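Here's the letter readout for the chains.
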Amino acid sequence: PDRPPGKTKMSLTSSRLVWRCLRSFSTGVKGWDSPNLPKGYVAEPSPVKGETKKMNLVEAIRSGLDIALQTDPTAVVFGEDVAFGGVFRCSVGLQAKYGKSRVFNTPLCEQGILGFGIGLAVHGNTAVAEIQFADYIHPAFDQVVNEAAKYRYRSASLYHCGRLTVRAPYGAVGHGGLYHSQSVESFYAHIPGITVVIPRGPSQAKGLLLSAIRDDNPTFFFEPKALYRAAIEDVPVGDYTLPLSQAEILHEGSNVTVIGYGAQIQPLRQACIVAKEQLGVSCELIDLRTIVPWDEDTIIKSVCKTGRVVIAHEDTFTGGFAGELIATIQAECFLNLEAPIQRVCSWDTPFPLVYEPFCVPSKYRCFEAIKKVVSF
Amino acid sequence: MASVLVRAVRSCTRLCAAKNWTAHGRSLSSNPGGHSWSGIQYTTDMLAGSSPHKQQVFRPMYQVLDHTGKVLDAAQVPDLSNTQLVKMLELMITVGVMDQQLYKAQRMGLISFYMMSSGEEAVVASAAALAHDDMVFAQYREPIVLYWRGYTIDQVLDQSFGNWLDLAKGRQMPVHFGSKDLHFQFISSPLSTQMPQAPGYAYGIKLSGKKNCVICYFGDGAAQEGDAHAAMNFASTRGCPVIFFCRNNGYAISTPTHDQYAGDGIVSRGPGYGMESIRVDGNDVFAIYNATKHAREVAVNEHRPVLIESMSYRLGSHSTSDDQTGYQDMNIVEQWKREYHPVIRLRNYLVEKGLWDAEREKGLLAAVSDKLKKGLNRARDEPKPHLDYLFEDVHSKLTPRLERQKREMMEHIKEYKDYYPLNQHES
């Protein structure tokens, strides 16, 4: 693909930056109290035409599951507590509507859920499995890495489990601690043969989920649980899909490429707004959406334009997916880079309960990373 | 006065005991309800129904043909045609020849790996009891099931060499066979991972309304994995038409069964899942056939899983990477070969019926040997699959990243073509 030649000249010199910082400091750090800063989740306009309804993330996902069951007679939804509606209410009403043979509880056994789901998918059914928390998906790892991911390759496509989709809530929620807050995408990104998708909000989630369910590759769909009820926006009521393996530029910019996904998009939005107000920095915010296989072209094109990169994710630093992004970016855009790439992640500890605000890549830390990258 | 009181207390106690009343005066035969309690009675006998290990009762093995080939109950001889019976014996003998020759081929460096089925050939009878399109999820020591359905010696050799004719394009080690046409899932090395997949597939069959079942083979070692428990529990709770067929051959590589479990094998676990379970003599084709046929009927007509534990003895090493003489008593191995080998009793039975003789056996041995020799040379000389296939089938479509990696590899190989085994592959 064509890369823009050279780089865009940085519009801010270091001295101007220092002046702006001093000015905002002397008048109090008003940036974070600015009326321009959104209070919570930033609702987006519907991504496709058609009738919409205000839905939160749970309702959007439920709508996606409903449509999958409605349009595909082979579709089956299962997992722990799915029958009564699910611990997060994502499957409320589905068993009553589609019957006990298509929406049902499984025993409490993640390796069984994955194995059973693989078998169903190999038979040709659309198998949509729910894992109650991403923190509990680990017993199923063998079924994912040794079976689901290799099913097609080891049989030269004579068999495959492409119709398998596994959904799980992931990420910090304020009170989750070690075992209700994990980000697990980096473990799965490392496995050739599967797709990993993380939506940033309700209308994205429904479209991406329907794509994942209909895609011919086993797909892992990690839902930011912090946004389950907090994110509300106009979501199309009908059937629509959004493309996999395509990143999305949320707002264009010329100074810094800011990359994130899932719940992290919200603090990044805020950091970008403050960076614009306080530092005059124009950020290009990109939602990766599909973790693997990821959209290299969009990222590389952006970095070649801006020359500066900040990546943020809730997962920890070491081994987190930012490493993969950075390795690729520095290989493809080395001469375009104006500064070392910054990543903002959770500290390398198990996810703590009372220290959560200090541990996560907050909007303040994201802002500081942007500041660092423009003042190199 | 005191004696009246004592008598009153005594009769009251007896009354309480007689009517099973608790100290609170509530009947012991009732319970507060709640579904995990339903049907369960109270008792004052703490150990009632418990089975401490010293009093372990072993489920007996179902047998129809004894080790000499004598029929123990004529009414239970299966309704197999003469053609099918002869086919069974021929395959069992063929597998024996293949095992010997391919083992040697591995030692000579022709193929990289091999696993024998020696001693467990009778499992072919389970294949005979199934429909051709009943899906098979196997472990690795059941190739005879695939041969029963029509997999050829040439296909075995192509798979072993991983040449361009291999159905899976050379991606896996020998013994990791499979076939779409013959309804047999591709083998994967990790043990028991196929087990929870089998009820999932079977559930799909149930939803479709088809009158098929799934059979899932696994060994005594694999039965200890968490996946085995998951499989049986899911199959039972969701009502899946699947037969769980455990080949208990006494060993998992070097580990004997007494290090593998402390209870009565695998059959004893059936009741724990609410699942029907049968133990058979794994050297008796008739017992295996009858049990599998019955299990199939239950699975297909009642949508219930059935567990079959087939007791046999592994006569060879675990694989070409193992040496059984390090841990197995070779006297016992020799005795089994002489007296209990599954071929002996079926051969005796068929000879008795006039359906087999020494001439036919000699002819078969020669024909198989010849086929193998010719086949080995042919399969070895066939090229390996094209390099493009390294990158295919990872996903449903080649991704941009894999396209780039392929290009990078091809460019590298062009420059270093003298140092890579390019001439072994299709160009």
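Above: the structure in question.
Presented here is a report on the structure given in the accompanying data block. The structure displayed is predicted, hence computed values, not measured ones. For every chain, the first residue of the written sequence is number 1, and numbering continues from 1 along that sequence. The order in which chains are written sets their letters, starting at A; the order in which ligands are written sets their numbers, starting at 1. With the structure being a predicted model, the display of local features is reserved for residues of pLDDT at least 70 and the display and counting of side-chain atom pairs for 80 or more, all residues being used for whole-chain, interface and lining totals. Hydrogens are left out, water is left out, and the side-chain values use all remaining heavy atoms of the structure.

## Regarding the interface of chain A and chain B
Here is the rule: Contacts are residue-level and defined by heavy atoms, with any inter-residue pair within 4.5 Å sufficient. When two parts are put together, the accessible area they lose, computed with a 1.4 Å probe and summed over both, is reported as buried area. Salt bridges are defined by distance alone: a side-chain nitrogen of Lys or Arg within 4 Å of a carboxyl oxygen of Asp or Glu. Working definition: helices are DSSP H or I runs of at least four residues, strands are E runs of at least two. Numbering for both runs from the N terminus. Gly is put with the polar residues, along with every residue not named as nonpolar or charged; the nonpolar set is Ala, Val, Leu, Ile, Met, Phe, Trp, Tyr, Cys and Pro, and the charged set is Asp, Glu, Lys and Arg.
Taken together, the 43 residues of chain A in the interface contact 45 residues of chain B. Roughly 3,700 Å² is buried in total at the junction of chain A and chain B, and carbon and sulfur atoms are behind 58% of that figure. For the pair chain A and chain B, the number of links is three salt bridges. A salt bridge links Glu-324 of chain A to Arg-401 of chain B, with the shortest nitrogen-to-oxygen separation between them at 2.7 Å. Of all the elements in the fold, those that place two or more residues in the side of chain A that touches chain B are strand 3 (103–105), helix 4 (110–123), helix 5 (141–148), helix 9 (296–306) and helix 10 (322–333) of chain A. The element contributing the most residues to the side of chain A that touches chain B is helix 4 of chain A, with ten residues. Partitioned by chemical class, the residues of the side of chain A that touches chain B number 18 nonpolar, 16 polar and nine charged.

## Let's talk about helix 7 (residues 226–238) of chain B
Filter applied, for reference: The span expected for a helix works out to 1.5 Å for each residue beyond the first. Exposure classes here rest on a 1.4 Å probe applied to the protein chains alone. A residue is buried below 20% of its type maximum, exposed above 50%, and partly exposed in between.
When the terminal C-alpha atoms of helix 7 of chain B are compared, their 18 Å separation across 13 residues agrees well with the 18 Å that a helix rising 1.5 Å per residue should span. Taken together, the buried positions of helix 7 of chain B are occupied by Asp-227, Ala-228, Ala-230, Ala-231, Met-232, Phe-234 and Ala-235 of chain B. Residues of helix 7 of chain B that are buried sit in contact with helix 4 and helix 5 of chain A together with helix 6 (194–208), strand 2 (214–219), strand 3 (242–248) and strand 7 (306–311) of chain B. Two residues or fewer past helix 7 of chain B, Gly-239 of chain B is found with a positive phi of approximately 65°.

## Structural notes on the packing of aromatic side chains
Spelled out, the test is: Within 6.5 Å between ring centres, the rings of Phe, Tyr and Trp (the latter by its six-membered ring) count as paired, and their orientation is classed by plane angle as stacked under 30 degrees, edge-to-face over 60, tilted in between.
On inspection of all chains with the given rule, the structure shows 28 aromatic pairs over all chains. Between Phe-104 of chain A and Phe-116 of chain A, the aromatic rings sit 6.2 Å apart at their centres with planes inclined by 85°, giving edge-to-face as the arrangement. Pair noted here: Phe-104 of chain A is in strand 3 and Phe-116 of chain A is in helix 4, with a separation of twelve residues, a long-range link. On the basis of relative accessible area, Phe-104 of chain A is assigned to the buried category, the value being 1%. Residue Phe-116 of chain A is classed as buried on the basis of its relative accessible area of 0%. On the basis of an interplanar angle of 25° and a centroid distance of 5.3 Å, the ring pair of Tyr-188 of chain A and Phe-220 of chain A is categorised as stacked. Separated by 32 residues along the polypeptide, Tyr-188 of chain A in helix 6 (residues 185–189) and Phe-220 of chain A in strand 7 (residues 219–224) bring together distant segments of the chain. The two residues Tyr-188 of chain A and Phe-220 of chain A agree in class, both being buried. An aromatic cluster of at least three residues, connected via ring pairs, comprises Phe-78, Phe-104 and Phe-116 of chain A together with Tyr-203 and Phe-234 of chain B.

## Points about unusual backbone geometry
If a residue is not glycine, its phi is most likely negative; likewise, a peptide bond is most likely trans. Geometrically, the link from Val-292 of chain A to Pro-293 of chain A is a cis peptide bond, its omega value of -15° lying close to zero. Phi is positive for Lys-169 of chain B, close to 55°, though the residue is something other than glycine. Counting through the fold element by element, Lys-169 of chain B comes out in the loop between helix 5 (153–161) and helix 6. Here Lys-169 of chain B falls in the partly exposed class, since its relative accessible area comes to 25%. For His-303 of chain B, which is not glycine, the phi dihedral falls at a positive 50°. Relative to the helices and strands, His-303 of chain B is located in the loop between helix 8 (285–302) and strand 7.

## A few points about empty space enclosed by the protein
All names here are of chain B. Filter applied, for reference: Lining residues are defined by having an atom within 4 Å of a point belonging to a cavity or pocket. Those points lie on a 1 Å grid over the protein atoms alone, cavities being sets where a 1.4 Å probe fits but cannot get out and pockets being open sets with protein on both sides within 12 Å along at least five of seven lines. Grid points are joined across faces, edges and corners, and a volume is the space filled by probe spheres set on the points.
Here the structure, examined in full by the defined rule, presents six cavities of 30 Å³ or more. The computed volume of the largest cavity comes to approximately 100 Å³. Around the largest cavity, the lining comprises 15 residues; the ones closest to its centre are Ala-138, Phe-186, Ile-187, Ser-188 and Gln-194. Across the lining of the largest cavity, the residue classes tally to seven nonpolar, six polar and two charged.

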